[in-house]
Amino acid sequence: MGTRSILPRSRQRLGYRRIVQLLVYLVIVPTVLILLVGIVMMFLGSVNLLLGVLVVSFVLVGVTGITLVLVFVRRQADLSELQADFVSKVSHELRTPLTSIRLFVETLGRAQGDAATQAKCLDALERETERLTQLIERLLDWGRMEAGRKQFDLHEEMVIDIVNKAERTFAPLRERHPDLDFATEVESHLPPVNADREAMVDAIGNLLANAIKYGGTPPMVRLRALRTPDGVAIEVIDNGDGIEHGEHRRIFEKFYRIDDRLSREREGSGLGLAIVKHIVRAHRGRIQLDSTKGNGSTFRIVLPTISHARRSAKGA
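Here's a quick rundown of the structure. (Residues numbered from 1 in each chain as written. Predicted model: local features only at pLDDT ≥ 70, side-chain atom pairs only at ≥ 80, totals over all residues. Heavy atoms only, no water.)

**Side note on the overall build of the chain**
Piece 1. Counting its secondary structure elements, the chain contains eight helices and seven strands.
Piece 2. Relative to its full complement of 316 residues, the chain shows a buried share of 35%.
Piece 3. As displayed, the chain offers around 19100 Å² of accessible surface, 58% of which is attributable to carbon and sulfur atoms. (Helix = DSSP H or I, 4+ residues; strand = E, 2+ residues; numbered from the N terminus. Buried < 20%, exposed > 50% of the residue type's maximum accessible area, 1.4 Å probe, protein only. Areas by Shrake-Rupley, 256 points an atom, 1.4 Å probe, with all protein chains shown as cover.)

**A look at the pattern of salt bridges**
Piece 1. In this structure the tally under the stated criterion is eight salt bridges.
Piece 2. One salt bridge connects arginine 197 with glutamate 157, and the closest N-O pair in it is separated by 2.9 Å. Within this pair, whereas arginine 197 is found in helix H5 (residues 197-213), its partner glutamate 157 is found in strand S1 (residues 155-157), the two being separated by 40 residues in sequence.
Piece 3. What makes glutamate 157 buried here is its relative accessible area of 5%.
Piece 4. The salt bridge involving glutamate 198 is made with lysine 165; its shortest N-O contact spans 2.2 Å. Placement of glutamate 198 in helix H5 and of lysine 165 in helix H4 (residues 159-175) is noted, with a sequence separation of 33 residues between them.
Piece 5. Of the residues examined, lysine 165 reaches a relative accessible area of 22% and is grouped as partly exposed.
Piece 6. One network of salt bridges, with partners in common, ties together Arg224, Glu235, Asp290 and Arg300. (Salt bridge = Lys/Arg side-chain N within 4 Å of Asp/Glu carboxyl O.)

**A word on helix H3 (residues 115-146)**
Piece 1. Between its terminal C-alpha atoms H3 stretches 47 Å, which fits the 46 Å expected from 32 residues at 1.5 Å a residue.
Piece 2. Three or more residues of H3 are buried, namely Cys121, Ala124, Leu125, Glu128, Leu132, Leu135, Asp141, Trp142 and Met145.
Piece 3. Once H3 ends, the next one or two residues include glycine 148, with phi positive near 75°. (Expected span 1.5 Å × (residues − 1).)

**Some words on the sheet that holds strand S7 (residues 297-303)**
Piece 1. Strand order across the open sheet formed by five strands is S2-S4-S5-S7-S6, with mixed pairing between neighbours. The sheet is open, and its two edges are formed by strand S2 (181-186) and strand S6 (286-291), each paired on a single side. Direction aside, the axes of adjacent strands within the sheet are offset by 15° on average.
Piece 2. Pairing of strand S4 (residues 220-228) with strand S5 (residues 231-238), which is carried by eight bridges, proceeds in the antiparallel orientation. What sits directly across from threonine 228, in S5, is glycine 231. (Pairing = 2+ DSSP bridges. Axes fitted to C-alpha atoms, helices over the stretch in contact; angles between N-to-C directions.)

Next up, the structure:
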């Protein structure tokens, strides 16, 4: 398993190095030589000065083009590597519930007349099929978002209603973690926001699931809603290891996961935070992260209130 996942990545990096080598040998070295010739010509007389300036200008344009090519190739190589990792992780995530379903079906077939075993198998089958459905729905949602076909039904919503539904949706996951320390805090008299309730519940649910997955032992999770100077903030706080500052932006990229070794031990597609970011942007809000290594994390969704959004629209 390990060899299969390493070889494609090695080939991708080798291909990138070969492209860089070709650029160096075929473009960069001749460009440097031409630049030297142009600089020399600039000191050999007025006519040569003009030619030298033209040569140097041409070389600078060429260097700019080369830099852009290298940046583009590097980005494509990174994206290709991330996509390969994503396919590998999703394949693993799909295989796990499918394997469990097959085993429980086989057990169910052998447990004729054993009502207790049959009940346990049916309960397990329900959980695994729900897990498989959620993963597929997440992939389909992301595909619709990437294609620009995801529609959000925005209308006036009370923040307390959004938080309450997110808490109810989160309940089954809480039941699977009896040692979880969970609490909800909602500031009173919060102003309404313009939101798609289901989409916001999904975004909050992604943050809550991550808080459990990467929280401490035992995990502690807080869901809070409070007023801010420019809107309403919904926060999810955990007591995990925290995230280094250099990773704060990258964790919202699609397919990106901080620790590849750790990601193999914990289920997930690497799309959760990217989906959250997309949903929040569709609501004209923003997603923030407060975290330092060893001190837990606070993910904050800031939504404009309806009155604030109207003032911003008038100003625009």
